[in-house]
Amino acid sequence: MRLALMADIHANREAFDACLEHAAGQRIDQYMLLGDYVGYGADPGYVVDRIMDLCAKGADAVIGNHDAAISGDTRGMNPIAATAIGWTRDQLNQTHQEFLGGLPYSIDTDGRLFVHAEATDPPRFGYITNTESAARDLHESQANAVFCGHVHMPAIYGITATEKVMRHVPVTGVPVPLPRHRRWLVVLGSVGQPRDGNPDACYGILDTVKCEIIFHRVAYDIEAAAQKILAAGLPDFLATRLFIGR
Amino acid sequence: MKAQGLEQGAVIDGYTIGQRLHQGGMATIWSVTHPDISSPILMKVPNLFEGEDPAAIVSFEMEQMILPRLVGPHVPHFHAAGDFQPQAYIVMERVEGQSLLGMINDLPLPVDQVAALGADIATALDDLHGQHVVHLDVKPSNLMRRPDGRIVLVDFGLSRHDQLPDLMAEEFRLPYGTAPYMAPEQVLGIRNEPRADLFALGVLMYFFATGTRPFGDPQSLNGLKRRIWRDPVPPRTLRPDIPPWFQELVLRCLEVDPDARHPTAAQLAFDLRHPEGVRLTQRATKKKADGFFTALRRRFAGERVRQVRRGAQSNYISSAPIILLALDLSGASDDLTDGLRQTVARLLRAAPASRLACLNVLKLARLAIDRSVDDLGQNKHAQRLGALKRWAAPLNLSEDRLTYHILEAVDPAAAILDYVARNRVDHVVIGARADSTLRTLLGSVSAQVAAHAPCTVTIVRNRAFGQDEGAASAAVS
Ligand SMILES: Nc1ncnc2c1ncn2[C@@H]1O[C@H](COP(=O)(O)OP(=O)(O)OP(=O)(O)O)[C@@H](O)[C@H]1O
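### Side note on the site of the ligand
Residue and element names in this part refer to chain B.
Here's step 1: By nearness alone, 19 residues border the ligand, and K44, E93, V95, S141 and D155 come closest of all.
Here's step 2: The contact in question runs from an oxygen atom of the ligand to an N or O atom on the backbone of M26, over 3.5 Å.
Here's step 3: Here S141 contributes a backbone N or O atom positioned 2.5 Å from an oxygen atom of the ligand.
Here's step 4: Mapped onto the shell around the ligand, the elements with two or more residues apiece are β3 (27-34), β4 (37-46) and β6 (89-93).
Here's step 5: Its residues placed into classes, the shell around the ligand shows 9 nonpolar, 6 polar and 4 charged.
Here's step 6: Per-domain counts for the shell around the ligand show at least three residues from each of domain 1 (3-93) and domain 2 (100-311).

Okay, here's the thing in structure tokens:
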């Protein structure tokens, strides 16, 4: 089975469409959406519509911290993110808001756990940024493999035979084997707001038969996405960072 | 997770176990057959006994990751891999012939033979490095020779693929490798340095030419580290008939700082195949290892270790191309030779570690015996060599970046292509004859080279000025 994994779309219509179009040519059996569909970008309504449509056709989706903030509070968010959430809330109708609010924190299938951020305590939305946080996550969860987003920078962590954790930064287009007898934690890059220095949209494909994951980078119309952010009166920084991927 | 249970006649995933070919420290190798595979194949199975070194498992996983991604004649062709449950294995091509291990009974060997072997090994390494892999365990038992002479690298259990997770790195504090052959940076735990394989090859060539291992076979980490500050006895001191160029090349491989070695395996292979072009430094004439106190100072200054770490950080593969200039001396215009020189100069400037081979093919009407002397008794070779040198002089290249070659052949394009393949040339620069009548008569060498060379080819052509394009061919003659 081939799973397309998409995280941190952040209301970036152009990036999301480009990834879906790319994935359409990749024999995908199932879409797994890893949260943060809204916030930062200028097309929250469009993006949530497409997510709802995908879910109606069998996709699975978990909730991200920005999605949770729509119906909850924005305490703990940085001022720019909080501003964007305030604006986003006004763009979403009742159906959108209820859909987002009803998403689960995590999905567990066949020993694989899908979650937006740290798996140990999903509502806390902790970041996995180094081998220590990855080790904690892997030690505490029961899953053989954990897939998450939230950091906007792709990384793969593995527990070795002697319980040490190694970190690998995947290379675009090079499949990385995830042998079954080890445990893995995979952090997806971001579809709509990459921060690893590469502005192209990022998503992953997991092949559960070959036990391999591959990360793709997809070029999209950054200028259009950025223009809309400026036109919406959202903070400039949210537009400019898209060009440099930081 | 057991290897002991295997025996002749057992069937795993359709593979029937045959004879046991090898019982190693880390793995056992069985000859196997499969109804759908007619070529010889073997199965490698890790030794997973209780209390076994965990390195056996991890290195087997690394090989399972890396081998399926490798292609070409210098690695065994991959067939299949089995997960750890129920039985971990790799099925691969069974390479005909022997490993080089048997050769160590006949040491020392003639230098020419060692150099030719070293060049073939370096060519195989260059191919591997081009596929993003550093072998990290180059030694006679991991090198096999195909019947056609080409070298095959086996055992990727300690290797590093620069685009895949490195399971070995995090796992073990101790450096993994084979003590006599391990490069200083590998001793320090650095695993992403392709030139570590050149060091190991230097050890092998030293050993094969002298019968003595340059750093012995140390059994402790301290013993291993000695090579960081203690240089080996120069090979010519052990065997005075070893020529200076060979000592130069071997000692360069054994440089502690990776930056002081050849930048790529292809460049080392090139030098081993063209001894006359090797620039000799004080390495060539060195008579004994550095004095005890020099070594002692190095040991305690710590500078060496910093040097190794620094050197090993630089990235090398794409920045040290071999550039081949094919110069037709027969009727080329000055404009064309100038144009070629400008193109070459630009390429050399762009890659400071690059080197240039200037080549001219003496075209023969047919193969004849006494062909190096023309009617006037002048040596054509010397003449052409002089012309090549004059052409290259304005480039002001240091000797170690420049070589000259005169080939003789009936078919110049074929000779150039053969040279490109054998020396793993990265970029060919070649001139196109302006005269299209001649071109049609003789066939275009540049077009043939461009069509068939396995690398980048730049064709330099003079623009014909002052005439419209349709009339160009008529006007030139
Ligand atoms: N593909 C192959 N074709 C033919 N012979 C091979 C092949 N691979 C390995 N061998 C032979 O088996 C020997 C051991 O192989 P390899 O190094 O892969 O196993 P190993 O268990 O790691 O070895 P050791 O522990 O003895 O170093 C090689 O020296 C070679 O002679």
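There's more to say after this.
### With respect to the sheet that holds strand β11 (residues 201-207) of chain A
Sheets are built from strands that pair by backbone hydrogen bonding, the pairs being arranged parallel or antiparallel.
All names here are of chain A.
Here's step 1: Spatially, the 6 strands line up as an open sheet ordered β3-β2-β1-β11-β12-β9, and their pairing is mixed. Among the strands making up the open sheet, the edge pair consists of β3 (60-61) and β9 (176-177).
Here's step 2: Relative to β3, strand β2 (residues 30-33) runs parallel, the two being bridged by 2 bridges. Following the sheet pairing, L33 is matched in β3 by A61.
Here's step 3: Taken strand by strand, helix α1 (residues 13-24) contacts β1 (2-6), β2, β11 and β12 (212-218), and its axis lies near 30° from that of β11.

### Quick look at helix α9 (residues 265-273) of chain B
Here's step 1: Where burial is concerned, most of α9(B) is hidden: 8 out of the 9 residues are buried.
Here's step 2: Buried within α9(B) we find B:A265, B:A266, B:Q267, B:L268, B:A269, B:F270, B:D271 and B:L272.

### Some thoughts on the nonpolar core
Here's step 1: Counting residues in each nonpolar core, the largest one holds 89 residues, and the members touching the most others are A:L5, A:F147, A:L178, A:I213, B:I121 and B:F246.
Here's step 2: When residues of this core are assigned to their parent elements, the largest contribution, 12 residues, is made by helix α5 (residues 195-210) of chain B.
Here's step 3: Counting contributing residues per domain, this core is built from domain 1 (3-93) and domain 2 (100-311) of chain B, each supplying no fewer than three.
Here's step 4: Residues within four places of B:F246 in sequence aside, it is in contact with B:V111, B:V114, B:A115, B:M205 and B:A209.
Here's step 5: Among the nonpolar cores identified, the runner-up in size contains 49 residues, and A:A4, A:A18, A:L103 and A:A201 belong to it.

Procedures and definitions
- Residues numbered from 1 in each chain as written.
- Chains lettered and ligands numbered in written order.
- Predicted model: local features only at pLDDT ≥ 70, side-chain atom pairs only at ≥ 80, totals over all residues.
- Heavy atoms only, no water.
- Near = heavy atom within 4 Å.
- Polar contact = N/O pair within 3.5 Å; in protein donor to acceptor, adjacent residues only side chain to side chain.
- Helix = DSSP H or I, 4+ residues; strand = E, 2+ residues; numbered from the N terminus.
- Nonpolar A, V, L, I, M, F, W, Y, C, P; charged D, E, K, R; others polar.
- Domains from an automatic or database assignment.
- Pairing = 2+ DSSP bridges.
- Contact = heavy atoms within 4.5 Å.
- Axes fitted to C-alpha atoms, helices over the stretch in contact; angles between N-to-C directions.
- Buried < 20%, exposed > 50% of the residue type's maximum accessible area, 1.4 Å probe, protein only.
- Core = buried A, V, L, I, M, F, W, Y, C linked by side-chain atoms within 4.5 Å.

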